[in-house]
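Residues per chain, in single letters:
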Amino acid sequence: MKSPFFLFSQEDVSWLLQRSKRKAIDFDCVLAILPGIDLSGLRNLPTLQNVEIFRLEEMLEKLQLTQYAISERASELSLEILKIDNERPNFEFWGVDFRPALLNNLALALHNSIAFEMLFEMLCAEGLDSAACFMPNGKFALVERLDIRVMLRPSLTLVPHLMYLCKANEVKFKGERRSELFLAAVENAARNFLLWSYKSAILFRRSVQWWRKPKASPQNEAPERKVVLVLIRAATELTSIQPVLTRMRKEGGPNFVLLVDDLLKNPDATKAVSETTHQWLNVHQFSNPIEVIFQALRVPIILKLEKAFSRKSQIPVSRKNKSLSNFFLERKIFSSTLKTATATLSELTIFSRQISAAIQFFQPHCILTMDMVDRWAAVVGTVGAQFKVPTLILQNTALDKIRYPLPLATDHMIVANSSIRDVLIKSGANPDRLHATGLPSYAASTEMGTKRLRLLSSELACSPLVDQSFKILVATQPFVQSFDYNGQMIEDLARVIQKHKNIEIIIKPHPRELNGAYEKRCSVLVQAGYRVKISSGTFEMALGEADLVLSRTSTAIQKALLGGVPSIAYLRDYPREIVDRLDYLSTAAVFKHETPEELGEFINIFARPRGRLEVLENFSRNRMVYLGGDVAGSVDATSAALGLIQRLVKAGGHVPI
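Procedures and definitions
- Residues numbered from 1 in each chain as written.
- Predicted model: local features only at pLDDT ≥ 70, side-chain atom pairs only at ≥ 80, totals over all residues.
- Heavy atoms only, no water.
- pLDDT = per-residue confidence, 0-100.
- Contact = heavy atoms within 4.5 Å.
- Helix = DSSP H or I, 4+ residues; strand = E, 2+ residues; numbered from the N terminus.
- Pairing = 2+ DSSP bridges.
- Axes fitted to C-alpha atoms, helices over the stretch in contact; angles between N-to-C directions.
- Salt bridge = Lys/Arg side-chain N within 4 Å of Asp/Glu carboxyl O.
- Buried < 20%, exposed > 50% of the residue type's maximum accessible area, 1.4 Å probe, protein only.

## Description of the confidence of the model for the protein chain
Turning to step 1, where the next piece is worked out: Averaged over every residue, the pLDDT of the protein chain is 86; the share at 70 or more is 88%.
Turning to step 2, where the next piece is worked out: Below pLDDT 50 for its whole length, residues 307-314 participates in 23 contacts with residues either more than four positions away or in separate chains.
Turning to step 3, where the next piece is worked out: Segment residues 316-320: pLDDT under 50, and 10 contacts once partners within four positions in sequence are set aside and those in other chains are kept.

What follows is the structure in structure tokens.
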């Protein structure tokens, strides 16, 4: 790998195919630098038969470069960029410093670039001579939100980075410009404007509810009972906190009010909360349309007037750290990076003012959120501290085992197990403020799963398995990458069960996927003779009728594990280290397959009566080992969560109890 050709998008693959047909091959390998780029078209090209072709996942595994190692450097760099001192721009508005809220998202935006830099350093150590790529028409811009593919131009970030690395390491750079209809920089600017307009329009529309703000707080109606504000941003969050709310109401604990702030994309929290009998309000009732417009326009203007992106933002050369990426500490690069990092400040300022208004209205004694390591929890923690209101995070979903620049954004956090707690402590969180008492929603699922397996075992013991038909629940995921991982999984499953006429496929789309995303694929399979349907209900409803669950790495696998249903993690084209980063994948209770052949062999075993019995026995045994740790908590998780809330309410203030 002396002379690689780097690809930064799926579009680059098409361009390289055309180039290889009309120009001589002057590179010895092809490297895709972003995950999920499909290189199958290149592998079949005769002119590239003697050229090594690597996906990013393959290259990282070959060089033994882990996501944790990448996240460590990205975390350090984001902390350095947003460091508080006189040489940095000021991100404090109305007494709230938004720098903590920007940290984790900035590290995420930098992650791919840092992975590329570390990979390049390793290639240099092996004797890299030259590097080639297609060049965009435009200057550097840190491009984020790779899940939104409209006018997405990641090459604006990675190509300038490659040019810098080549110059710094004395590697020959060979850039080729393509004829494009629009300048990449113009497309990126238009994309940023569309995203800003889209967010502002939704916030404006939602704030029309301001006139519905309640006239009195529950504190006025029952002053002897304390008030807990519970922030809900997704239907899954309501499911996570539901056992605590039920117990709180049953035992006459503190009053609670659900404060709903729906996701901008694929909102489902309002619908879920509306179907309950809980008292709830929309957070946008604490702002009005004029204020939304004012803040959306004011924040960018203030940042520009304060010269936040001027040359004064440059980190002095003398302070550059060799362990960090010097590329992002260059004057113009640093300024552009800050511009991307602060792109959400308008939303965050509006949200902080809404939370502040809600605190002033309800006078709560505790605020509970389930946002974990995202920017919204950081705003809740910062505003809560400002008003001396204790804040608490309840882990809502799986947490990747990587390094976080801001591992704990609130006073306290309840996590699923000691493994997650150790990850956050390793990132710098205070151990005294992390509580590995398990998650309340796990307890009910685990109990139901154990009962399900006992009932199934007793039925199978009494009568042999005669009916060999079964249902496979396919749980999809909303991938950022352009490659269709869900489609590949469904196609591979269809191919391996072709001879089995007694298997039904149930496709359960992720809530954040587009409606109708799998209807065409489903109809094609039905026409081909398969028994396929799409589940429109909750995952729990679909799980109730499934005999087997198939997914990539979704938390649906963990839900199936707790719920007593065997599950398969289909890891084709995935880096092997993913198993170590998610605790529910590392257990032997989850069956892991990397090829269609392995998947087909497992399905054949499960389709036979004796084979299915063996699978269920192994699953049940390994599941108990998994649950024998502290996954569900060593004490009753609901009681532990409620006890912590009551102690926070009693203690008052934001100082850790």
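## Observations concerning the environment of Glu 447
Turning to step 1, where the next piece is worked out: Relative to the assigned elements, Glu 447 resides in helix α16 (residues 440-462).
Turning to step 2, where the next piece is worked out: In sequence terms Glu 447 and Leu 562 are 115 residues apart; their C-alpha atoms lie 8.2 Å from each other.

## Considering the sheet that holds strand β9 (residues 255-260)
Turning to step 1, where the next piece is worked out: Read from one edge of the open sheet, seven strands run β10-β9-β8-β11-β12-β13-β14, paired in parallel fashion. Sheet topology places β10 (280-282) and β14 (434-435) at the edges, where each strand pairs with a single neighbour.
Turning to step 2, where the next piece is worked out: Of the pairings in the sheet, the one linking strand β13 (residues 412-414) to β14 comprises two bridges and is parallel in character. Bridge pairing links Met 413 to Leu 434 in β14.
Turning to step 3, where the next piece is worked out: Where helix α9 (residues 235-250) meets the sheet, its contacts fall on β8 (227-232), β9, β11 (366-369) and β12 (391-394), and the angle it forms with β8 comes to roughly 160°.

## With respect to the pattern of salt bridges
Turning to step 1, where the next piece is worked out: If you walk through the whole model with that rule in mind, you get 30 salt bridges.
Turning to step 2, where the next piece is worked out: In this structure, Lys 199 and Glu 347 form a salt bridge, with 3.1 Å as the shortest nitrogen-oxygen distance. You can see Lys 199 sitting in helix α7 (residues 184-206) and its partner Glu 347 sitting in helix α13 (residues 345-362), a full 148 residues away along the chain. As far as the burial class goes, Lys 199 and Glu 347 line up, both buried.

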